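Summary of the model geometry
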Protein chains: 2
Amino acid sequence: MEIKRKGSLLSFRPDIKVLDATLRDGGLCNNFAFSDDFAKALYKMNIAAGVDYMEMGYKASKAMFDPAKFGKYKFCDEADLQKIVGDHKSGMKLSVMADVGRTDFKKDIGDKKNSVVDMVRVACYITEIPAAIEMLEYCAKKGYETAVNVMAVSKARDEEIDAALEMLGQSPADCIYLVDSYGSLYPEQVAKLTLKYLEAGEKYKKSIGVHAHNNQQLAFGNTIEAASWGASMLDATVNGMGRGAGNCSMELLLGFLKNPKYHLPPVLRFITDYMLPLRQQGVVWGYDIPYLLTGRLNMHPSSAIACVREGNTDYEMFHRALLEKD
Amino acid sequence: MEIKRKGSLLSFRPDIKVLDATLRDGGLCNNFAFSDDFAKALYKMNIAAGVDYMEMGYKASKAMFDPAKFGKYKFCDEADLQKIVGDHKSGMKLSVMADVGRTDFKKDIGDKKNSVVDMVRVACYITEIPAAIEMLEYCAKKGYETAVNVMAVSKARDEEIDAALEMLGQSPADCIYLVDSYGSLYPEQVAKLTLKYLEAGEKYKKSIGVHAHNNQQLAFGNTIEAASWGASMLDATVNGMGRGAGNCSMELLLGFLKNPKYHLPPVLRFITDYMLPLRQQGVVWGYDIPYLLTGRLNMHPSSAIACVREGNTDYEMFHRALLEKD
């Protein structure tokens, strides 16, 4: 395969789409307890900023998760979404995420014609691809655009990824995402994986997306690295709000992209008016030493999240304990 | 020129050297008011971590800067350094930085044989190369290893950089640094510039270094990008402490490098014991929206530093004001 980056720094690629995942990945920081005012302002801001997709949250099973314990963006009931987006007459598309094994999709995902949702993103681990394909087929039949986020590929072997891409290539998914769940990938690895995903994408006519985490302060760098090789669906969250170390920051991404349809000032205004207050209320996310340590060891961030939550700053001991688990 | 990265992710490059610039670039955050305890612990930590060079601070002119207003690391008097490092019998080398136009180098830099300092790094803007060369020649004659940091090259035209590299190639400098003073460069630009610097470096037998800033959360990403093409002197600071958005974090860099001589745990311990207390005392550095904005506009961070210091969080207005200045 010829190794050639796509586009240059001053040009723009009309194929690139930006997805705002603030309510969804950011919701993991505050149990999805966003006010209506926050969600409505975010919706308006995304439209003003030229964002292509806004993810409203998860379609989580109410049998598995108690609605009394989570905000509505954990479930994304149609009526709740419509309360935020009204009749949703804008060029921006809406997405929801559904996790394999944590959703009653046949019960909770209805026909597209009755929904403001445009795209369903199915999230799965690499061992769950057949279950993901069942969901992708179901959602496509219901009329939705679909994407699949194969999580934690940094843990998978090359042959597993190859097999997964072959299977997903034959699925109805419109987009296959490269997901660095643990924030462990370096740009060189992202480049190689992106090229692998793009090969499958070209064969099966799928776009390739990227969803990065900031454990090693590489979420933005890895996102533009993937984009430079041809990934076209780029996930970001405002101020990087997302689980643990968070995600690629929307303000960095829109500050970088050259397409004149994107506008940075609405994002800046939203950070001042909504994200700083969230932080002041005690919602915590972003780069911190424990996340770096799980990231570089290619481990799930759960122990780092607990370490930060407990205010444990004995990083050397935390590191030693991780090495014993690794 | 053949485009080929040097080394791979699992190998290590024995030519790579890590320089800790915490006292020097970090000193810009607290007017160099580090305690002796801090500096001694940092010195011991760097040795334990396998760091190759530790920069002790600046050799600033006492005629231009009032010693009553700055900590001793602004001036690096020999007696003060010896108080910290004792007889300095370790494999680690010490460096000091001298800014063109802000140093009385003929008065303040004596013979190497009477100093614990191993290397003098001369910092200059691209218009000051002849003055830098005069200093490099002076310091080399005094017996020091020398390096030159050409600042703010993101503002320079290609032909200026080419001319600068030719002139510096013929100077005694052992190392020429690619410096992203404004934190404005993206990895693709860093790659291109690194290759340009390396071309001069190969012609004139100089090593190439990289000094990055974190305005766009790219300091670490850009550092390893430059290293992947062949830059071998890598600047970092503990916890990224440095002017404005700060630098490449030592913990990220040592977490990445594969050479078994580098050790992460001493850095983690130092962060807990010394860097967190600094932050608690109110010393501020690290990624923040105003730095992103000057970085992406390729501007000096001074207005962003003022914005953060004033607690001005009206980022949209700050951005608008920058655009008017740009």
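Below you will find a few notes about this structure. (Residues numbered from 1 in each chain as written. Chains lettered and ligands numbered in written order. Predicted model: local features only at pLDDT ≥ 70, side-chain atom pairs only at ≥ 80, totals over all residues. Heavy atoms only, no water.)

**Focus: the overall build of chain A**
When helices and strands are tallied, chain A shows 14 helices and 8 strands. Relative to the compact-globule value of 20 Å for 326 residues, chain A shows a C-alpha radius of gyration of 19 Å, a close match. For chain A, the C-alpha atoms occupy an extent of roughly 55 × 50 × 45 Å along the three principal directions. Per-residue burial for chain A yields a buried fraction of 62% across its 326 residues. If you take every contact in chain A between residues at least 6 apart in sequence, the share linking residues at least 24 apart comes to 77%. Put simply, chain A shows about 12,400 Å² of open surface, and 52% of that area lies on carbon and sulfur atoms. For chain A, the distance from the average position of its 40 positive side-chain charges to the average position of its 42 negative side-chain charges is 3 Å. (Helix = DSSP H or I, 4+ residues; strand = E, 2+ residues; numbered from the N terminus. Rg over C-alpha atoms; globule rule 2.2 N^0.38 Å. Buried < 20%, exposed > 50% of the residue type's maximum accessible area, 1.4 Å probe, protein only. Contact = heavy atoms within 4.5 Å. Areas by Shrake-Rupley, 256 points an atom, 1.4 Å probe, with all protein chains shown as cover. Lys, Arg positive; Asp, Glu negative; His and termini not counted. Charge placed at Lys NZ, Arg CZ, Asp CG, Glu CD.)

**Thoughts on the pattern of salt bridges**
All chains considered together, the criterion is met by 47 salt bridges over all chains. When the shortest N-O distance is used, the salt bridge between A:D314 and B:R269 registers 2.8 Å. Here A:D314 is found in the loop between α13 (302–309) and α14 (315–325), whereas its partner B:R269 is found in helix α11 (residues 265–280) on a different chain. The exposure class of A:D314 is partly exposed, given its relative accessible area of 26%. Residues B:E166 and B:K203 are paired through a salt bridge, measuring 2.7 Å at the closest nitrogen-oxygen approach. One end of the pair, B:E166, is in helix α7 (residues 158–169); the other, B:K203, is in helix α8 (residues 187–204), and 37 residues separate them in sequence. Note on B:E166: relative accessible area 30%, which makes it partly exposed. Connected through salt bridges with shared partners, the residues A:R24, A:D25, A:E55, A:R121 and A:D235 form a single ionic network. (Salt bridge = Lys/Arg side-chain N within 4 Å of Asp/Glu carboxyl O.)

**Remarks on the packing of aromatic side chains**
For the structure shown, the criterion picks out 24 aromatic pairs over all chains. For the pair A:F220 and A:F256, a centre-to-centre distance of 6.1 Å together with 80 degrees between the ring planes defines the contact as edge-to-face. Placement of the pair is A:F220 in helix α9 (residues 219–229) and A:F256 in helix α10 (residues 250–256), with a sequence separation of 36 residues. When sorted by exposure, A:F220 lands in the same class as A:F256, which is buried. One aromatic cluster is present, built from ring pairs that chain together A:F34, A:F38, A:Y73, A:F270 and A:Y274. The ring centre of B:W285 lies 3.8 Å from the NZ or CZ of B:R279, which sits over that ring. (Phe/Tyr/Trp six-rings, centres within 6.5 Å; stacked < 30°, edge-to-face > 60°. Lys NZ or Arg CZ within 6 Å of the ring centre and 35° of its normal.)

**Regarding α9(A)**
Two residues of an α-helix separated by three or four positions point the same way, owing to the 3.6 residues in each turn. Residues and elements named next belong to chain A. With 11 of 11 residues buried, α9 is to be regarded as a mostly interior element. Within the sequence span of α9, burial applies to A219, F220, G221, N222, T223, I224, E225, A226, A227, S228 and W229. Immediately beyond the C-terminal end of α9, within one or two residues, lies G230, with a positive phi of roughly 135 degrees.

**So, the relation of the copies chain B and chain A**
If you rotate chain B by 180 degrees and push it 0.0 Å along the axis, it lands on chain A with an RMSD of 0.0 Å. These values place the two chain copies in the arrangement generated by a two-fold rotation axis. Residue by residue, 100% of the interface of chain B is reproduced at the interface of chain A, so both copies engage with the same surface. (Least-squares fit on C-alpha atoms with pLDDT ≥ 70 in both.)

**Remarks on the packing of α14(A) against α11(B)**
Helix-helix packing is described using two parameters, namely the angle between the two axes and the distance between the axes. Following both chains from N to C, one finds α14(A) and α11(B) inclined at 150 degrees, their axes separated by 7 Å at the closest point. Taken as axis vectors, α14(A) and α11(B) run roughly antiparallel relative to one another. Listed contacts from α11(B) to A:Y315, A:E316, A:M317 and A:H319 of α14(A) are B:P265, B:L268, B:R269, B:I271, B:T272 and B:L276. By residue class, the composition of the contact of α14(A) with α11(B) is 6 nonpolar, 2 polar and 2 charged. (Axes fitted to C-alpha atoms, helices over the stretch in contact; angles between N-to-C directions. Parallel < 35°, antiparallel > 145°, perpendicular 65-115°, else oblique. Nonpolar A, V, L, I, M, F, W, Y, C, P; charged D, E, K, R; others polar.)

**Description of the pairing of strand β3 (residues 93–99) of chain B**
Residues and elements named next belong to chain B. β3 sits mainly inside the fold: 6 of its 7 residues count as buried. The pairing of strand β2 (residues 53–58) with β3 spans 4 bridges and is classified as parallel. Bridging from a neighbouring strand, E55 pairs with S95 of β3. The pairing of β3 with strand β4 (residues 119–124) spans 5 bridges and is parallel. Considered in β4, the bridge of S95 is made with M119. (Pairing = 2+ DSSP bridges.)

**Overview of unusual backbone geometry**
In most cases, non-glycine residues show a negative phi, while peptide bonds are predominantly trans. Residues and elements named next belong to chain B. Positive phi outside glycine occurs at Q217, with the angle close to 55 degrees. Within the secondary structure layout, Q217 lies in the loop between β7 (207–211) and α9 (219–229). Here the phi dihedral of N239 falls at roughly 60 degrees; this positive angle occurs in a residue that is not glycine. Residue placement: N239 occurs in the loop between β8 (233–236) and α10 (250–256). A residue is classified by how much of its surface remains accessible, and N239, at 10% relative accessible area, is buried.

**Details of the interface of chain B and chain A**
Each partner contributes to the interface: chain B provides 40 residues, whereas chain A provides 40 residues. Both faces considered, chain B and chain A share a buried interface measuring about 3,600 Å² in area, 62% of it formed by carbon and sulfur atoms. At the junction of chain B with chain A, the criterion picks out 4 salt bridges. The element contributing the most residues to the side of chain B that touches chain A is α11(B), with 6 residues. Tallied by class, residues from the side of chain B that touches chain A come to 19 nonpolar, 13 polar and 8 charged. (Buried area = accessible area lost by both parts, 1.4 Å probe.)

**With respect to the sheet that holds strand β3 (residues 93–99) of chain A**
Residues and elements named next belong to chain A. A barrel is described by the order of its strands in space; here 8 strands give the closed sequence β1-β2-β3-β4-β5-β6-β7-β8, paired in parallel fashion. For this sheet the average axis-to-axis angle between neighbouring strands, irrespective of direction, equals 25 degrees. Sheet topology places strand β6 (residues 175–179) next to strand β7 (residues 207–211); 5 bridges connect them, and they run parallel. Counterpart to C175 in the pairing with β7 is S207. Running over the sheet, helix α3 (residues 36–49) touches β1 (17–20), β2 (53–58) and β3 and is turned about 155 degrees from β2.

**A few points about the sheet that holds β4(B)**
Residue and element names in this part refer to chain B. Taken in spatial order, the 8 strands of this closed barrel run β1-β2-β3-β4-β5-β6-β7-β8, and their pairing is parallel. For this sheet, the mean angle separating the axes of adjacent strands, direction not counted, is 25 degrees. Two strands pair when backbone bridges link them, and β7 and β8 are joined in this way by 2 bridges, in the parallel orientation. Counted as the bridge partner of G209 is M233 from β8. Against the sheet, α8 engages β6 (175–179) and β7, with an angle of about 165 degrees to β6.

**Some remarks on α8(B)**
Residue and element names in this part refer to chain B. Spanning 18 residues, α8 covers 25 Å between terminal C-alpha atoms, matching the ideal 26 Å at 1.5 Å per step. Counting buried residues in α8 gives 13 out of 18 residues, a clear majority hidden from the surface. At the C-terminal side of α8, K205 shows a positive phi close to 60 degrees. (Expected span 1.5 Å × (residues − 1).)

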